[in-house]
Amino acid sequence: MNLFKNYTIPFTPAKAYSTKVAYFSMEFAVDQSLKIFSGGLGFLAGSHMRSAYELEQNMIGIGILWKYGYYDQVRDPDNKMGVMWQQKSYNFLQDTGIQFQITINDHPVWVKAMYLPPERFGSAPLFLLTTDVKENDYLSKTITNCLYDSNPETKIAQSIILGVGGAKLLDEINYGAEVYHLNEAHGLSAAFYLYAKDHNIQSVREKLVLTTHTPVDAGNEKHNIDQLFKMSFFQDLTLKEVKEISGIKGETFDHTLVALRMAKMANGVSKIHGEVANEMWGKYENIAPIISITNSQNHNYWADEKLNNAANSKNIKEFDARKKELKKRLFINLADQTGKWFDPNVLTIVWARRFAGYKRADLITRDIEQFKEIICNAKMPVQIIWAGKPYPKDQGAVQMFNDLVVFCSNYPNVAIMTGYEMRLSKLLKQGSDVWLNNPRIPQEASGTSGMTAAMNGCVNLSTWDGWIPEFVEHGKNGFVVPPVDYEKLSEEEQDKADMDNLFKIIKDEITPLYYNDPKGWFKVVARAMQEISPEFESGRMAKEYYTKLYKK
């Protein structure tokens, strides 16, 4: 007897969270050892799954078992960034014994379901789909090779696996999902699978909700509708039916727009992003209401317990001792990678997240004289570390990373690290003093890395974007670059204004406070650690999804 044929979660769900939810996401960062994530979207989904389990919510995750993960970031012989795809294997996943066919490009493709039990990492149960089975031809096997494959047709095929494959899996296990939650529109084909059952768009809307994560155009996928039709994205529906229910009149199929039209409700991932999303999509007809549910991260996974105990008891000596231990742990890894030993007594600034143009990793390097003022100050020294993985085909972002490799070679107290995944992310947040975040406003939807930094006694220094306006009080629990009238500035002028203000805050406020007033510094750090939870802890977020987005 197959234990998954009439699947229920292996614990009794809490009464407040009895609604059955299937959470579709292209990536999940549940644990470093399960390499099916690339960055922020996965980190968010992973924390959501952990909190869903802690709250005993009736939720399962639907994702893809990526054979090669995202990619392994390595170094070329000249220390610049290299890309390596290495096959992964996991002995802790269970074979469900479930295998079924779906159609892609008018071709039958076998899909197999693997299972991550909740007790392994303390997460909601996770079903992971793969096409790497012997019954498939070579091309079909490669669909689930690499997360965010650069080939457009493969990427469409992956979204069909997630959406149609995930929805069909739910039928196979007879889960009876009452809510289909799309974490971004990657799984949108599930909506067309549901519609094809009874051709009732209202019954689809009653089940479908969407979380949209980005106001950046590249994050909202668009394809030629004829290409999607040819590749069986809409399964057996006619093109005429698709256009009628999606409202698409031209050739361009905007996945986020159509998801908003087919969902009963949607959410942006911070208060600012909710406003931006309503402005961005509000001009279109028949879209779902867009509310705000601010992204958050799981405290139990990310926060160092000893550091938090010291902060809560206001024991500065204990806190400083533990912070230095955590800095030494980070610096051992840094020395192993770069040959540079950093000093745990020195103020350490970290910029770490996905490399992308609007995130401006290199912003504080653009004025070398101002940079040298802070980096070569013997009385109040500063150390800086960068880390992050660009999309491997984003040549501009890869070049920015490599330019920083060269730049760092000129200074003993400046370094860049490779392999920014869950393990390194935790090391950096626990082992740094200042978390630098300087996206170009208003392009950062949320940006949760600063939340987990604050959980670990690392103070945020950020532009006024994403989740930051909901948390930071300048000089009290973090530091904010004062916003200017960005709409009247060119990108070059905006970058210059933000850069100058960043330098001013570091020179005039942060370094003097850190070195001249340790009690004052601890006060800022401790307040941030106290205030980050529960408001920016994923338990709050997981509760809000049930009360605001999943409500009937």
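Note that the structure is a prediction, hence the values are computed from the model and not measured.

K.L.:
For this particular structure, what's the right way to read the overall build of the protein?
P.N.:
When its secondary structure is counted, the protein shows 20 helices and 19 strands. For 552 residues, the compact-globule estimate of 2.2 N^0.38 gives 24 Å, and the C-alpha radius of gyration of the protein, at 24 Å, lies within 12% of that figure. In terms of principal-axis extent, the alpha carbons of the protein reach across some 70 × 50 × 45 Å. A buried classification covers 61% of the 552 residues belonging to the protein. Sequence-distant contacts in the protein: of pairs separated by 6 or more residues, those separated by 24 or more amount to 74%.

K.L.:
Teacher, can you tell me more about the pairing of strand β3 (residues 72-75) here?
P.N.:
Two strands pair when backbone bridges link them, and β3 and strand β4 (residues 81-84) are joined in this way by 4 bridges, in the antiparallel orientation. By the bridge assignment for β4, Val74 is matched with Gly82.

K.L.:
What is the right way to look at the nonpolar core in this model?
P.N.:
Note that soluble globular proteins tend to have their nonpolar side chains buried in a common cluster. The biggest cluster of nonpolar side chains holds 154 residues, and the ones touching the most others in it are Phe192 and Trp386. The biggest single contributor to this core is helix α4 (residues 152-172), with 9 residues. The residues contacting Trp386, other than those within four sequence positions of it, are Trp351, Ala361, Ile364, Thr365, Phe371, Leu404, Phe407, Cys408, Val414, Ala415, Ile416 and Met417. The next biggest cluster of nonpolar side chains, apart from the first, holds 18 residues, and it includes Ala454, Met455, Val472 and Ala528.

K.L.:
I keep staring at the packing of aromatic side chains and nothing clicks. Help me out?
P.N.:
Where two aromatic rings form a pair, the distance of their centres and the angle of their planes describe that pair. Going through the model one piece at a time under the given rule, you end up with 41 aromatic pairs. Between Phe355 and Phe401, the ring centres sit 5.2 Å apart and the planes meet at 65°, which makes this aromatic pair edge-to-face. On the criterion of sequence distance, the pair formed by Phe355 in the loop between β14 (347-352) and α14 (368-375) and Phe401 in helix α15 (residues 395-408) is long-range, its members being 46 residues apart. Grouping residues by exposure puts Phe355 and Phe401 together as buried.

K.L.:
I keep staring at the pattern of salt bridges and nothing clicks. Help me out?
P.N.:
Scanning all chains against the criterion turns up 28 salt bridges. Residue Lys197 pairs with Asp171 through a salt bridge whose shortest N-O separation is 3.0 Å. Residue Lys197 is located in helix α5 (residues 189-198), and its partner Asp171 is located in helix α4; the two are separated by 26 residues in the primary sequence. Taking the relative accessible area as the measure of exposure, Lys197 reaches 49% and is therefore partly exposed. For the salt bridge of Asp508 with Lys504, the shortest nitrogen-to-oxygen distance reads 3.6 Å. Remark: Lys504 and Asp508 occur in helix α18 (residues 491-516); sequence separation between them is 4 residues, near one turn of the helix. The partly exposed category is assigned to Lys504, whose relative accessible area is 48%.

K.L.:
When you look at the sheet that holds strand β15 (residues 382-387) in this model, what are you seeing that I'm missing?
P.N.:
Within a sheet, adjacent strands bond to each other through the backbone by hydrogen bonds, running parallel or antiparallel. The sheet built from 6 strands is open, its strands ordered β16-β15-β14-β17-β18-β19 with parallel pairing. Either end of the sheet is taken by a strand with one partner, and the two such strands are β16 (414-417) and β19 (479-480). Two elements, β14 and β15, share 6 bridges in a ladder whose sense is parallel. Looking at the pairing, Val350 lines up with Ile385 of β15. Along the sheet, helix α13 (residues 316-338) makes contact with β14, β15 and β16, crossing β16 at roughly 80°.

K.L.:
I would appreciate a short explanation of the pairing of strand β12 (residues 265-268) in the present structure.
P.N.:
In summary, the side chains of a regular strand alternate between the two faces of the sheet. On β12, burial covers both faces: Met265 and Asn267 on one face and Ala266 and Gly268 on the other are all buried. When strand β9 (residues 208-211) meets β12, the two strands line up parallel, connected through 3 bridges. Of the residues in β12, the one forming a bridge with Val209 is Met265. Looking at chain direction, β12 and strand β13 (residues 290-292) are connected through 3 bridges and run parallel. Residue pairing in the sheet places Asn267 in a bridge with Ile291 of β13. Note that the unit made of β12, helix α10 (residues 271-281) and β13 has a crossover that is right-handed.

K.L.:
I keep staring at helix α19 (residues 518-532) and nothing clicks. Help me out?
P.N.:
Three or four residues apart is the spacing at which side chains of an α-helix point the same way, because the helix has 3.6 residues per turn. Look at α19: 21 Å from first C-alpha to last across 15 residues, which is about the 21 Å you get at 1.5 Å a residue. Gly520, Trp521, Phe522, Val524, Val525, Ala526, Ala528, Met529 and Ile532 are the residues of α19 that are buried.

K.L.:
What am I meant to see in the sheet that holds strand β5 (residues 94-104) here?
P.N.:
The strand order β5-β6-β7-β2-β1-β8-β9-β12-β13 describes an open sheet built from 9 strands, whose pairing is mixed. The sheet is open, and its two borders are formed by β5 and β13, each paired with just one other strand. Strand-to-strand twist of the sheet, defined as the mean angle between neighbouring strand axes without regard to direction, takes the value 25°. Bridge count for strand β6 (residues 107-116) against strand β7 (residues 126-130) is 5 bridges, and the pairing is antiparallel. Looking across to β7, one finds that Tyr115 is bridged to Phe127. α10 contacts β12 and β13 of the sheet and is inclined by roughly 165° relative to β13.

K.L.:
Would you mind showing me how to read the environment of Phe522 here?
P.N.:
Counting through the fold element by element, Phe522 comes out in helix α19. Separated by 59 residues in the primary sequence, Phe522 and Thr463 place their C-alpha atoms 22 Å from one another. Apart from the residues lying within four places of it in its own chain, the contact partners of Phe522 are Ala310, Ala311, Lys314, Asn315, Ile316 and Phe319.

Rules and cut-offs
- Residues numbered from 1 in each chain as written.
- Predicted model: local features only at pLDDT ≥ 70, side-chain atom pairs only at ≥ 80, totals over all residues.
- Heavy atoms only, no water.
- Helix = DSSP H or I, 4+ residues; strand = E, 2+ residues; numbered from the N terminus.
- Rg over C-alpha atoms; globule rule 2.2 N^0.38 Å.
- Buried < 20%, exposed > 50% of the residue type's maximum accessible area, 1.4 Å probe, protein only.
- Contact = heavy atoms within 4.5 Å.
- Pairing = 2+ DSSP bridges.
- Core = buried A, V, L, I, M, F, W, Y, C linked by side-chain atoms within 4.5 Å.
- Phe/Tyr/Trp six-rings, centres within 6.5 Å; stacked < 30°, edge-to-face > 60°.
- Salt bridge = Lys/Arg side-chain N within 4 Å of Asp/Glu carboxyl O.
- Axes fitted to C-alpha atoms, helices over the stretch in contact; angles between N-to-C directions.
- Right-handed = clockwise from strand over helix to strand, strands pointing away.
- Expected span 1.5 Å × (residues − 1).

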